[in-house]
Amino acid sequence: MSLLELNDVSTGYGHFQALFNINLRIEEGETHAVIGANGAGKSTLLRTICGLLRTEAEKVRFDGRPVGQLPPNKRVGLGISYVPEGRWVFPSLTVAENLMVGAHSRRTGMWTMDKVYELFPLLSRLRQRQAFSLSGGEQQALAIGRGLMSNPRLLLLDEVSLGLAPVVVEKIYEAMPAIIKSGTTVLLVEQDVGQAIRFADRITCMLEGRQVLEGSPKEISNEEIFAAYFGV
Ligand code: ATP
């Protein structure tokens, strides 16, 4: 049984259909990257998994359980944690308070505030600083740390490198092996295809709301990825 199963998921916003017949299996312990151009539906896919968008119950299964109708807070309790695009932090709360918010509905597990500070040493000295005063990279680290505080089995990361300088992106990605080693399954959306290929065991490429390519980066050629990405 896969940790996460999407079965023929089609969804969107009102009359606008953003996803068409998505079938996806994510195995426990795997790191899976979703790539694709702007508007391909990558964020919509994550919103469907975390519960911001609902489907029929059976269409999204987590650990064998139908969750398609559950709201996000219930899914956090089951072990699905979502780090949205755009470095969302609570600006007037301190770093420590932001992390505490992430511990709401938490499962038991290894991630504690101290573990997050160990993972991102740059946050450690900023504990009492309000989040609005942090740099983009620090806010992104905080957003990921907050996501980890619920002790997820599945961590959904949307575009963690967007708008950050390469050296900052490198710092954020340095944390990834420790997250993976902790046993957390990671599903990440990444515009930087090179980054996705380096980190992921499997990739899915989306184009206009559809899956156009899936497999291990070792088995897929750059030409195939290019063709799928641009639809040529
Ligand atoms: P990006 O990298 O630009 O975020 P994406 O692959 O994540 O792209 P989505 O954000 O999932 O794409 O968007 C898929 C489609 O759904 C796009 O056509 C987009 O305009 C539309 N869309 C996204 N969010 C909404 C919304 N809240 N209301 C209406 N349409 C939306």
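Bear in mind that the values here come from a model prediction, so they are computed numbers and not experimental data.

On the surface, F226, F230 and V232 cluster together to form a nonpolar patch covering roughly 360 Å² of accessible area. Mapping V232 onto the fold places it in the segment after helix 10 (222-230). For V232, a relative accessible area of 70% translates into the label exposed.

As a further point, take the site of the ligand. Lining the immediate surroundings of the ligand are 15 residues, of which G39, G41, K42, S43 and T44 lie closest. Contact between the ligand and A40: an oxygen atom at 3.0 Å from a main-chain N or O atom of the residue. Contributions of two or more residues to the shell around the ligand are made by strand 2 (16-26) and helix 1 (42-50). Element by element, the count of residues in the shell around the ligand is highest for helix 1, at four residues. A breakdown of the residues in the shell around the ligand according to their chemical character gives five nonpolar, six polar and four charged.

Here we come to the pattern of salt bridges. Within the structure shown, the criterion is met by five salt bridges. The residue E214 makes a salt bridge to R202 at a minimum N-O spacing of 3.6 Å. Residue E214 is located in strand 10 (residues 210-215), and its partner R202 is located in strand 9 (residues 202-207); the two are separated by 12 residues in the primary sequence. Judged by relative accessible area, E214 falls into the partly exposed class, the value being 33%.

With that out of the way, let us pick up the nonpolar core. If you look at the biggest cluster of nonpolar residues, it comprises 44 residues, and the most contacted ones within it are I35, L123, L142, I144, L157 and I179. Top contributing element to this core by residue count: helix 6 (residues 136-148), with five residues. Setting aside anything within four residues of it in sequence, one finds I35 in contact with K42, E190, V193, A196, I203, T204, C205, M206, I225 and Y229. Core analysis: the next-biggest nonpolar cluster, separate from the first, contains 23 residues, L3, C50, V189 and M206 among them.

Empty space within the largest pocket amounts to approximately 560 Å³. If you go around the largest pocket, you meet 22 residues; those closest to its centre are V76, S81, Y82, P84 and R146. Taken together, the elements giving at least two residues each to the lining of the largest pocket come down to helix 2 (72-78), strand 6 (80-83), helix 3 (95-102) and helix 6. Taken together, the residues of the lining of the largest pocket sort by class into 13 nonpolar, seven polar and two charged.

In terms of strand pairing, strand 1 (residues 4-13) meets strand 2 through seven bridges, oriented antiparallel. Looking at the pairing, E5 lines up with R25 of strand 2. Linkage of strand 1 to strand 2, two consecutive antiparallel strands, is achieved through a turn of two residues, within which G14 is found at a positive phi near 60°. Pairing of strand 1 with strand 4 (residues 60-62), which is carried by three bridges, proceeds in the antiparallel orientation. Bridging across to strand 4, L6 finds its partner in V60.

As a packed pair, helix 3 and helix 6 sit with axes 7 Å apart at the nearest point and diverge in direction by 35°. Crossing handedness for the pair helix 3 and helix 6: right-handed. Residue-level inspection shows V95, N98, L99 and G102 of helix 3 in contact with helix 6, the latter providing L142, G145 and R146. Tallied by class, residues from the contact of helix 3 with helix 6 come to three nonpolar, three polar and one charged.

Located in the positive-phi region is D8, a residue other than glycine, with phi close to 55°. Structurally, D8 is set in strand 1. A positive phi angle, near 50°, is found at D63, a position not held by glycine. Following the sequence through the fold, D63 ends up in the loop between strand 4 and strand 5 (65-66).

Rules and cut-offs
- Residues numbered from 1 in each chain as written.
- Predicted model: local features only at pLDDT ≥ 70, side-chain atom pairs only at ≥ 80, totals over all residues.
- Heavy atoms only, no water.
- Patch = residues over 30% accessible without salt bridge, like charges linked within 9 Å, V, L, I, M, F, W, Y side chains within 5 Å.
- Areas by Shrake-Rupley, 256 points an atom, 1.4 Å probe, with all protein chains shown as cover.
- Salt bridge = Lys/Arg side-chain N within 4 Å of Asp/Glu carboxyl O.
- Helix = DSSP H or I, 4+ residues; strand = E, 2+ residues; numbered from the N terminus.
- Buried < 20%, exposed > 50% of the residue type's maximum accessible area, 1.4 Å probe, protein only.
- Near = heavy atom within 4 Å.
- Polar contact = N/O pair within 3.5 Å; in protein donor to acceptor, adjacent residues only side chain to side chain.
- Nonpolar A, V, L, I, M, F, W, Y, C, P; charged D, E, K, R; others polar.
- Core = buried A, V, L, I, M, F, W, Y, C linked by side-chain atoms within 4.5 Å.
- Contact = heavy atoms within 4.5 Å.
- 1 Å grid on protein atoms, 1.4 Å probe; cavity = no way out; pocket = protein on both sides within 12 Å on 5 of 7 lines; lining within 4 Å.
- Points joined across faces, edges and corners; volume = space filled by probe spheres on them.
- Pairing = 2+ DSSP bridges.
- Axes fitted to C-alpha atoms, helices over the stretch in contact; angles between N-to-C directions.
- Left-handed = near helix turned anticlockwise from the far one by under 90°.

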